[in-house]
Amino acid sequence: MALHVNRRRIRWELLILVAVILLLTVPFLNQAYHLDDREFIEFGRAQLEDPFQFYLTDYDYAGRHFEVFHTSHPPLLSSLIASTIRVSGGESEPWLHGVYLIFPLLAGIAMYSLGRRFTGRALVSSLLLVTTTGFLVMSHTIRGDVPGVAMWLASIASYVWGVDRSDRRILALSAFFLSLAVMTSYQCLSLVPLLFLYALLQRRISLATMMPLIAPLALFAVYVAYFYNTTGEFIRFSYRTSPEFSWLSLPIKGRALIIFLGAATVFPLSIIAAIVRSKTDILLTAILFVPAAIMGIVIPFALGDIDGLQAFLMLIFMAAGISVFYVAGRGIVAWLSRWRSPDGPTIDALFLSVWFAGVAFYIFSFLPYIAVRYMLPLFPPVILLFVRCAEQLLKKHPLRQTGFLYGTVVLTLALALPAAVADYRLANTYRTLADNYQKEFGDTAEKVWFQGEFGFRYYMEKAGFDYLGVSAVAESGDLVISSLGSFTTGPDLMLAPVPEEFSVVTGKTTIEDDFPFRIRNSGAMAGFYSHRIGPVPVMLSREPLDEITFYRLQW
């Protein structure tokens, strides 16, 4: 009877989880393509003609010309997009977003499985993941971030259960998910050492547990060899072949990692309440927090680099982020203090802590900037560590524990929804602009070019306008429509502006929006997509979304 009740409960909880995911994604199915969505579509188009073409030729991007343009993403998702375009007969937003629903659903279900394994609150763990700001915003895109974390979670969940139960069928499933993961995101290669660590901690090193780790490496090696043989070049992990480095940039990057972690995962005050419990916790987190806050927040505020609201939010987010780093460090120290005879909870805490620490190190050390979307693989261990802390804190008060955890879900969603709506409205702005320009200039005889990237470029090209790249042949008298917002990446602009000596500005249009949140806006200092744009991911603001400049070429 108990087993029957347990299975019935799991079914009901999974139904609730699926319903919540659909409720949070289906209303956004018509969201316009945004930022790197366009790149995935470009490579999908290339694979319509040749399923094994993983590059673009004679391509202009950000004012530069590439004879061969390589993406920094594996080909699985572009192949999926190509298949969807072929079946649907076009590049319909609802179609592609609808197909991509499989990824938040897979991520949620895999997180539920991990919640069962590492906590006593599987449903809460999975709901916390899908309601975080980072996950919710990215689940409305067709980029590789949510698919990557979905495959990541499915790989870990199947491998953990396969190792625990010595089940070869589940281990074979983990090999399948691991292979898909590596072909979805190169970052998923770090799963191999992480899962090896799990097998090592469980003392289950064998051929059966190692084969799921060998299979994706073999597939990756075959793909690298094919790519090199086809293009004569090695695969690209980043668009920056020689990223700029400055010791002075590291503290800002570290501050961003901590603050974005506290802002875009679990509701920050709940994180602090669950983790910072004892006098020792308060003392040790204060030792970390006070100097970081003085250097990263107080001094910039005194210098006028940030305003009072930004400083206040940054203090809260930083406290939450440091609390997460503290609890991960505590898990590692606890294992080191008893590594000769650790118990199950100590081993589990170590695994989650190393998962968190490894991904955090990778993001900080190897990625050119901090962005919430890059941090999604950090979210699951943060959530599982948080839930474990909350369970321990309120283990003698189950009703209060339930209220605290589900209340945290609601508060987490309350922060995430405005960010998702802000991203939706920003993305749709460029579709609307392109439609308006098509109506205004589509029937005229004059030649109209445009400058800009991302969604603006996608919809302007769809409306019939030509991209003014390096290889373009423009004539005197032609009109150029340039979007400033679609170039901005922070202090540097990926912009090939129209030379002043060969043009005259004929007009400017400021794109306003009454919705009081900004997610990618240098004026509001909202840097969800890059810490170089702003020190917090989302900000209360009504700053203009973009500025469109009209140039008339003349020579």
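Being a predicted model, the structure only gives us computed values, none of them experimental. Every chain's residues receive numbers from 1 upward, in the order its sequence appears when written. Confidence filtering applies because this is a predicted model: local features only for residues at pLDDT of at least 70, side-chain atom pairs given and counted only at 80 or more, and all residues used for totals across whole chains, interfaces and linings. The basis for the side-chain values is all heavy atoms of the structure; hydrogens and waters are excluded.

Draft legend 1. A look at the packing of aromatic side chains. Aromatic contacts are taken between Phe, Tyr and Trp rings whose centres are within 6.5 Å, Trp giving its six-membered ring; a plane angle under 30 degrees counts as stacked, one over 60 as edge-to-face, and the others as tilted. Per the stated rule, a full pass over the model turns up 27 aromatic pairs. Judged by centre distance (6.3 Å) and plane angle (15°), the rings of tyrosine 33 and tyrosine 459 are stacked. Highlighted residues: tyrosine 33 in the loop between α1 (2–25) and α2 (37–49) and tyrosine 459 in helix α19 (residues 454–462), separated in sequence by 426 residues. On the accessibility criterion, tyrosine 459 (3% relative accessible area) is buried. For the pair phenylalanine 386 and phenylalanine 404, a centre-to-centre distance of 6.0 Å together with 40° between the ring planes defines the contact as tilted. Placement of phenylalanine 386 in helix α17 (residues 379–393) and of phenylalanine 404 in helix α18 (residues 398–441) is noted, with a sequence separation of 18 residues between them. Cluster of aromatic residues (ring-pair linked, three or more members): Phe54, Tyr223, Tyr226 and Phe227. Only lysine NZ and arginine CZ atoms are considered, and such an atom sits over a ring when it is within 6 Å of the ring centre and within 35 degrees of the ring normal. Positioned above the aromatic ring of phenylalanine 118, the side-chain terminus of arginine 117 is 4.6 Å from the ring centre. Its guanidinium or amino end placed over the ring of phenylalanine 364, lysine 253 lies 5.7 Å from that ring's centre, counting from NZ or CZ. Working definition: helices are DSSP H or I runs of at least four residues, strands are E runs of at least two. Numbering for both runs from the N terminus. The classification of residues rests on relative accessible area computed with a 1.4 Å probe and restricted to protein chains. Under 20% of the type maximum is buried, over 50% is exposed, and intermediate values are partly exposed.

Draft legend 2. Inspection of the side chain of serine 179 at higher detail. Inspection of the secondary structure assignment puts serine 179 in helix α9 (residues 168–182). We call two N or O atoms a polar contact when they sit within 3.5 Å, provided that within protein one can donate a hydrogen and the other can accept it, with sequence-adjacent residues counted only if both atoms are side-chain atoms. A distance of 2.9 Å separates the side chain of serine 179 from the backbone oxygen of alanine 175, its partner in a polar contact.

Draft legend 3. Here's a closer look at the pairing of strand β11 (residues 546–553). Buried residues dominate β11, accounting for six of its eight residues. Strand direction decides the pairing type here: strand β5 (residues 479–483) and β11, joined by five bridges, are antiparallel. Opposite isoleucine 481, over in β11, you have phenylalanine 550 as the bridge partner. Strands are treated as partners if at least two bridges between them are detected by DSSP.

Draft legend 4. View of empty space enclosed by the protein. In the cavity and pocket records, a cavity denotes points on a 1 Å grid over the protein atoms alone where a 1.4 Å probe fits but cannot get out, a pocket denotes an open set with protein on both sides within 12 Å along at least 5 of 7 lines, and lining residues are residues with an atom within 4 Å of a point. Grid points are joined across faces, edges and corners, and a volume is the space filled by probe spheres set on the points. Under the criterion given, the structure shown has six cavities of 30 Å³ or more. In this structure, the largest cavity spans a volume of roughly 90 Å³. Put simply, the parts of the chain that give the lining of the largest cavity at least two residues each are α2 and α3 (76–88). Looking at which element gives the most residues to the lining of the largest cavity, the answer is α2, with four residues. Following the grouping adopted for this structure description, the nonpolar residues are Ala, Val, Leu, Ile, Met, Phe, Trp, Tyr, Cys and Pro, the charged ones are Asp, Glu, Lys and Arg, and the polar ones are all others, Gly among them. Taken together, the residues that form the lining of the largest cavity break down as seven nonpolar, four polar and one charged.

Draft legend 5. A look at a nonpolar patch on the surface. A grouping of Val290, Ile294, Met295, Val298, Ile299 and Leu303 is seen on the molecular surface, where their side chains present a nonpolar patch of about 560 Å² in accessible area. Relative to the helices and strands, leucine 303 is located in the loop between α14 (279–302) and α15 (308–337). Excluding any residue in a salt bridge, patches collect residues exceeding 30% relative accessible area, merging like charges within 9 Å and nonpolar Val, Leu, Ile, Met, Phe, Trp and Tyr side chains within 5 Å. Residue exposure ignores everything except the shown protein chains as possible cover, and the areas themselves are Shrake-Rupley values with a 1.4 Å probe. Each salt bridge in this description consists of a side-chain nitrogen of Lys or Arg and a carboxyl oxygen of Asp or Glu lying within 4 Å of one another.

Draft legend 6. Just the pattern of salt bridges, in detail. One pass over the full model with this rule turns up 20 salt bridges. Where aspartate 37 meets arginine 143, a salt bridge forms, and the shortest distance between an N and an O atom there is 2.8 Å. Here aspartate 37, found in helix α2, pairs with arginine 143, found in the loop between α7 (133–138) and α8 (145–165); they are 106 residues apart in sequence, far enough to count as distant. Accessibility classification places aspartate 37 together with arginine 143 in one group, the buried group. Glutamate 42 serves as the salt-bridge partner of arginine 38, at 3.0 Å between the closest nitrogen and oxygen. Of this pair, arginine 38 and glutamate 42 both sit in helix α2, four residues apart, which is roughly one turn of that helix. For the pair formed by arginine 38 and glutamate 42, the shared burial category is buried. Ionic contacts of the salt-bridge type, sharing partners, join the residues Arg38, Glu42, Arg45, Glu91, Glu453, Arg457 and Glu461 into one network.

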